[in-house]
2 protein chains.
Amino acid sequence: MKTKLISVGDEILIGQIVNTNAAFLGERLFSSGFPVDKNVVIGDEEDVLLSELSDSDKNYQVTIITGGLGPTHDDITKPALVKYFNDKLKTDYKVLDHVRNIFSSRNIVMPHVNNGQALIPENSEVIWNSNGTAPGILIKKKKKVFIALPGVPYEMKPMIDEIVLPFLKNYFADELKSVYMQKTILTTGIGESSLNELIGDVNDVIGESKLAFLPSSSGVRLRINVTAKSSKEAESKIDTIEFKLKEKIGDYIFGYGEEDLESVIGDILRKNNLTLSVAESCTGGRISSRIVSVPGSSEYYIGGVCSYSNELKMSLLGVKKETLERFGAVSSETAVEMAEGIRKLTDSDVSISTTGIAGPDGGTAEKPVGLVWIGLSDKNNSFAMKFLFGDNREINIQRSSQRALEILRRHLLNIKIIF
Amino acid sequence: MKTKLISVGDEILIGQIVNTNAAFLGERLFSSGFPVDKNVVIGDEEDVLLSELSDSDKNYQVTIITGGLGPTHDDITKPALVKYFNDKLKTDYKVLDHVRNIFSSRNIVMPHVNNGQALIPENSEVIWNSNGTAPGILIKKKKKVFIALPGVPYEMKPMIDEIVLPFLKNYFADELKSVYMQKTILTTGIGESSLNELIGDVNDVIGESKLAFLPSSSGVRLRINVTAKSSKEAESKIDTIEFKLKEKIGDYIFGYGEEDLESVIGDILRKNNLTLSVAESCTGGRISSRIVSVPGSSEYYIGGVCSYSNELKMSLLGVKKETLERFGAVSSETAVEMAEGIRKLTDSDVSISTTGIAGPDGGTAEKPVGLVWIGLSDKNNSFAMKFLFGDNREINIQRSSQRALEILRRHLLNIKIIF
């Protein structure tokens, strides 16, 4: 089974955007048994796409094209497919309805050019795009398939997971002898090397399987990849590896797969019937917006304050003037008073707070850029912890919000809070 | 001048890492007059690289390979180059010294395998790697060049900027007749197709140049690409195109290049000595966190409230109970009272507010998911505007925060607020 990925778009070639679509597709296809053999990135030029289609036709069973499906003159994917397969375009009226609905539901008059989005090659099938106006296109040619998808990530990703992968697994069922399976374990609050040290000899843990360390600013993801003769055998291999990993690094594991810390915390709060509030200074609303990104968060999240000025820390959260004067806004004392203040103001069960120097300016020898205090308060107890997150503003904000949520998770689950 | 980029590494194909190297190289090469025509990502397989080298030899003047230069068995770039050019390896003693020094400076005994890193093809030149042990390789073949670089970004990037680009500009000086230049114009509040319609016949605007529409959830970026005989001519071409675009879509343009709406607004507020506050319901802190992402935002941003519950809307922002009962939390009246409330609470000059149904649940026939009211208040005036942003929670939050900031920008600049 040979698979090729064609990414279409000048903006990728000139480095205006990073090709994250290819990484997403690479991972999904790999773990479904269709590892990508080659990824070609080309500009918006029909001739170049035509020659890539010809190469695909000769050498690959699965070809996936992303990008170039929009309604404007520089979108070349549909014209190239029609030309290569000697086909013509016809209007798909279900798609046309869908495109019109998207515009009318937003009270926008549909521009004429968008009628063209409902045109698809006669000898193709529509891959439904729930999140946008450009349908995907599926062309079968004997035991070869050509799939074109829009380049907008939030349109393309669900089309892959919900339609393309199930289709491929079914269409090529006879040829997929091995079962590929993967599981991603999410950790936070520990770096890649320290995690590696705690795990020890990786081969003892994984045997013949693969374990990848994927670091990011929110933590290190561990991806387990196994190959087996049956789903059952694959599952059992994964269970064994996960069990061994949990013994060694269990406290740092907060979730799996596509979960994130804010949804994990949401589940814990909901299960325990607890409410949450947040007081943010250096994180400026990032924690609040992460909590709210979880559907249904209104069940446990009351709200928060971004007290960016000292005046607001005092007037809204009740931080004492003396505290600010004696210890400063970036201090354990202020963090604790902020957490206590927002908890009382909102009458929530638990609260977290942040105050720090996000940078790039504003640091001193005593309180450098990257210094952050994170506070927590509930009915029994209030405390604050100190961190140094380096000198990049965005990384600081990301790390502070991630660490604050991890402190909350550990507090709620009674896990020792040590980093 | 045709340029090809070959990225080598299984880890890119299976999506374990995102190919940020290609974006870096694409940008640097483009702005130096060597726009990348094709980027091929391949796995660690010698045969595949050999066939790519053959394609490069036929069709491209510049080929840059990244990755596969390490000392282990799965590093295929050097063996493939030696085989393709019918060459042999010789030890470069300056490189060997450098490799040994790197190990001894870290107090590490050099593994035997690292001796191999000083081996380079006889008919090649070393591209010095100050930050690592794998030297780059330069092979000239008449008016074609093949360049191999390590895949580690912090090793590769300075080699490009300090050695490779100066070399290429010099080596191909006779052929670099054209100057390439680009400018990106940022728009928001209007979709790709409507923008296209306002612009009309694109060719009238751009002539021989290129115009790309790059849509995202925060707006459509328009990238102008021109080729000219001199920098002056290129600049003048861009000016002309920009002038024509401004005539047609000027109100929708908020910035250029790498700017974002929050930094543009920050500049306006700072220039006019105005302070800002924010009251968020459905956006949950997203607007606040975007404002705070701008360094120095503490100069004009006082703070905000995320009043996720109705209680907080009343107790903190002073939204009236009757307003909530009569019109509901998602209403023009509530949005206006929220904006007025936060402005008074923080004593700021101007404020914005959001209240809506982010979804996926909570909609009704009368107030569907995606319905959002955005409010604005200053000393003279308060108003709210209604939007329908569709049924994806994350997209709703993004669009609501972007639109709220755009309303603020237009208000501050006295631009008519129509979408």
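Residues numbered from 1 in each chain as written. Chains lettered and ligands numbered in written order. Predicted model: local features only at pLDDT ≥ 70, side-chain atom pairs only at ≥ 80, totals over all residues. Heavy atoms only, no water.

A.B. asks: I tried to follow the sheet that holds strand β9 (residues 179-187) of chain B on my own but got confused; where do I start?
C.D. replies: Residues and elements named next belong to chain B. Ordered in space as β10-β11-β9-β12, the four strands form an open sheet in which the pairing is antiparallel. Two strands lie at the open edges of the sheet, namely β10 (210-216) and β12 (253-256), each paired on one side alone. If you compare each strand with its neighbour and ignore which way they point, the axes differ by 25° on average. Where β9 meets strand β11 (residues 219-228), eight bridges bridge the pair, whose relative direction is antiparallel. Across the sheet, residue V179 finds its bridge partner in β11, namely A228. Seen against the sheet, helix α7 (residues 192-199) touches β9, β10 and β11 and runs at an angle of roughly 150° to β10. (Pairing = 2+ DSSP bridges. Helix = DSSP H or I, 4+ residues; strand = E, 2+ residues; numbered from the N terminus. Axes fitted to C-alpha atoms, helices over the stretch in contact; angles between N-to-C directions. Contact = heavy atoms within 4.5 Å.)

A.B. asks: What exactly am I supposed to notice about the packing of helix α2 (residues 20-31) of chain A against helix α6 (residues 153-171) of chain A here?
C.D. replies: Think of two packed helices as two axes; the pair is described by the angle between the axes and how far apart they sit. Residue and element names in this part refer to chain A. Running from N to C, α2 and α6 point in directions that differ by 20°, and their axes come no closer than 11 Å. By the angle between their axes, α2 is roughly parallel relative to α6. Both α2 and α6 take part in a crossing whose hand is right-handed. When α2 is examined against α6, the residues N21, F24, L25, R28 and L29 are found in contact with a partner set consisting of P153, M156, K157, I160, D161, L165 and L168. Looking at the contact of α2 with α6 residue by residue, the classes come out as eight nonpolar, one polar and three charged. (Parallel < 35°, antiparallel > 145°, perpendicular 65-115°, else oblique. Left-handed = near helix turned anticlockwise from the far one by under 90°. Nonpolar A, V, L, I, M, F, W, Y, C, P; charged D, E, K, R; others polar.)

A.B. asks: Hey, could you run me through the side chain of S351 of chain B in this one?
C.D. replies: Residues and elements named next belong to chain B. As for its position among the elements, S351 is in strand β15 (residues 350-356). The class for S351 is buried, based on a relative accessible area of 0%. Among the polar contacts listed, one links the side chain of S351 to the backbone oxygen of A339, at a separation of 2.7 Å. With residues up to four places along the chain from it excluded, the contact list for S351 reads L276, S277, A339, I342, R343, G375, L376 and S377. (Buried < 20%, exposed > 50% of the residue type's maximum accessible area, 1.4 Å probe, protein only. Polar contact = N/O pair within 3.5 Å; in protein donor to acceptor, adjacent residues only side chain to side chain.)

A.B. asks: What is the right way to read the sheet that holds strand β12 (residues 253-256) of chain A from this model?
C.D. replies: Strand pairing in a sheet relies on backbone hydrogen bonds. The paired strands run either parallel or antiparallel. Residues and elements named next belong to chain A. Strand order in the open sheet formed by four strands is β10-β11-β9-β12, and the pairing between neighbours is antiparallel. Pairing within the sheet leaves two strands with one partner each, and these edge strands are β10 (210-216) and β12. Averaged over all neighbouring strand pairs, the angle between strand axes comes to 25°, with direction disregarded. Pairing analysis gives three bridges linking strand β9 (residues 179-187) to β12, with the strands arranged antiparallel. Looking across to β12, one finds that I185 is bridged to Y256.

A.B. asks: How should the nonpolar core be read in this particular structure?
C.D. replies: Nonpolar side chains tend to gather and get buried jointly when the protein is soluble and globular. The biggest cluster of nonpolar side chains holds 35 residues, and the ones touching the most others in it are I291, Y301, I352, I407 and L408 of chain B. The set of elements that each furnish at least two residues to this core consists of α10 (261-271), β13 (276-280), α11 (286-292), β15, β16 (371-378), β17 (382-388) and α15 (393-412) of chain B. Residues contacting L408 of chain B, with those up to four places away along its chain left out, are I265, L276, V350, I352 and L376 of chain B. Within the second largest apolar cluster, 34 residues are counted, among which are C282, I287 and L408 of chain A together with I397 of chain B. (Core = buried A, V, L, I, M, F, W, Y, C linked by side-chain atoms within 4.5 Å.)

A.B. asks: Honestly, the domain arrangement of chain A in this entry has me stumped. Any pointers?
C.D. replies: Size of an interface, as often reported, equals the accessible area lost when the parts are brought together. Residues and elements named next belong to chain A. What the domain assignment lists for chain A is domain 1 (3-175), domain 2 (179-256) and domain 3 (263-413). Computed over C-alpha atoms, the centres of domain 2 and domain 3 are 31 Å apart. With nine residues of domain 2 at the contact, the number on the domain 3 side is nine residues. Sorting the residues of domain 2 by area buried against domain 3 places T188, S217 and F254 first, and these three jointly supply 60% of that buried surface. Joining domain 2 to domain 3, the criterion identifies zero salt bridges. (Domains from an automatic or database assignment. Buried area = accessible area lost by both parts, 1.4 Å probe. Salt bridge = Lys/Arg side-chain N within 4 Å of Asp/Glu carboxyl O.)

A.B. asks: Even after reading the chapter, I still don't get the pairing of strand β1 (residues 3-8) of chain B, so can you show me in this structure?
C.D. replies: Residues in a regular strand point their side chains to alternate faces of the sheet. All names here are of chain B. Judged by how many residues are buried, β1 sits mostly within the fold: six of six residues are covered. Side chains of β1 alternate between two faces, with T3, L5 and S7 and K4, I6 and V8 buried alike. Pairing analysis gives six bridges linking β1 to strand β2 (residues 36-42), with the strands arranged parallel. Bridging across to β2, K4 finds its partner in K38. As judged from the five bridges shared by β1 and strand β3 (residues 62-66), these two strands associate in the parallel manner. Pairing of I6 across the sheet is with I65, part of β3.

A.B. asks: Which parts of the structure should I look at to understand helix α14 (residues 332-346) of chain A?
C.D. replies: Spacing of three or four residues puts side chains on the same side of an α-helix, whose turn is 3.6 residues. All names here are of chain A. For α14, with 15 residues, the first-to-last C-alpha span of 21 Å sits near the 21 Å given by 1.5 Å per residue. For α14, every residue scored as buried is listed here: T334, A335, V336, E337, M338, A339, G341, I342, R343 and T346. D347 sits one or two residues past α14 and shows a positive phi near 55°. (Expected span 1.5 Å × (residues − 1).)

A.B. asks: Got a minute to help me understand the state of the cysteines in this structure?
C.D. replies: Working definition of a disulfide: a covalent bond connecting the sulfur atoms of two cysteines. The full count for this structure, using the stated rule, is zero disulfides over all chains. The thiol sulfur of C282 of chain A is not disulfide-bonded, and the nearest other cysteine sulfur, from C306 of chain A, lies at 9.7 Å. (Disulfide = S-S within 2.5 Å.)

A.B. asks: Even after reading the chapter, I still don't get the environment of S263 of chain B, so can you show me in this structure?
C.D. replies: Residue and element names in this part refer to chain B. Following the sequence through the fold, S263 ends up in helix α10. Note: C-alpha distance between S263 and S293 (30 residues apart in sequence) is 8.6 Å. A polar side-chain atom of S263 sits 2.9 Å from a polar atom in the side chain of D260.

A.B. asks: Explain unusual backbone geometry to me, please; I cannot follow it from the model alone.
C.D. replies: Residue and element names in this part refer to chain A. A cis amide bond, omega 0°, links G359 with the succeeding residue P360. In this structure, P360 sits in the loop between β15 (350-356) and β16 (371-378). Backbone geometry at N107 places phi at a positive 60°, although glycine is not the residue there. Its place among the elements puts N107 in the loop between α5 (93-105) and β5 (119-121).

A.B. asks: Is there a simple way to think about the packing of aromatic side chains in this case?
C.D. replies: Given two aromatic rings, one states the distance between the centres and the angle between the planes to describe the pair. Under the definition given, this model contains 17 aromatic pairs over all chains. Where F387 of chain A meets F389 of chain A, the ring centres are 5.5 Å apart and the plane angle is 10°; that geometry is what we call stacked. The exposure classification of F387 of chain A matches that of F389 of chain A, with both residues buried. In textbook terms, an aromatic cluster arises when at least three aromatic residues are bridged by ring pairs, as seen for F34, F167, Y171 and F172 of chain A. Seen from the ring of F419 of chain B, R403 of chain B lies directly overhead, with NZ or CZ sitting 4.5 Å from the centre. Sitting over the face of the ring of Y252 of chain B, R410 of chain B holds its NZ or CZ atom 5.0 Å from the ring centroid. (Phe/Tyr/Trp six-rings, centres within 6.5 Å; stacked < 30°, edge-to-face > 60°. Lys NZ or Arg CZ within 6 Å of the ring centre and 35° of its normal.)

A.B. asks: I'm lost on the pattern of salt bridges in this one. Help?
C.D. replies: A side chain with one charge can pair with a side chain of the opposite charge if their charged atoms come near. Counted according to the given criterion, the structure contains 41 salt bridges over all chains. In this structure, the salt-bridge partner of K140 of chain A is E125 of chain A, at a minimum N-O distance of 3.0 Å. Taken together, the residues K140 of chain A in strand β7 (residues 136-141) and E125 of chain A in strand β6 (residues 125-127) connect sequence positions 15 residues apart. A residue is classified by how much of its surface remains accessible, and E125 of chain A, at 38% relative accessible area, is partly exposed. If you follow the salt bridges from partner to partner, you end up with K4, E52 and D55 of chain A together with K38 of chain B in one network.

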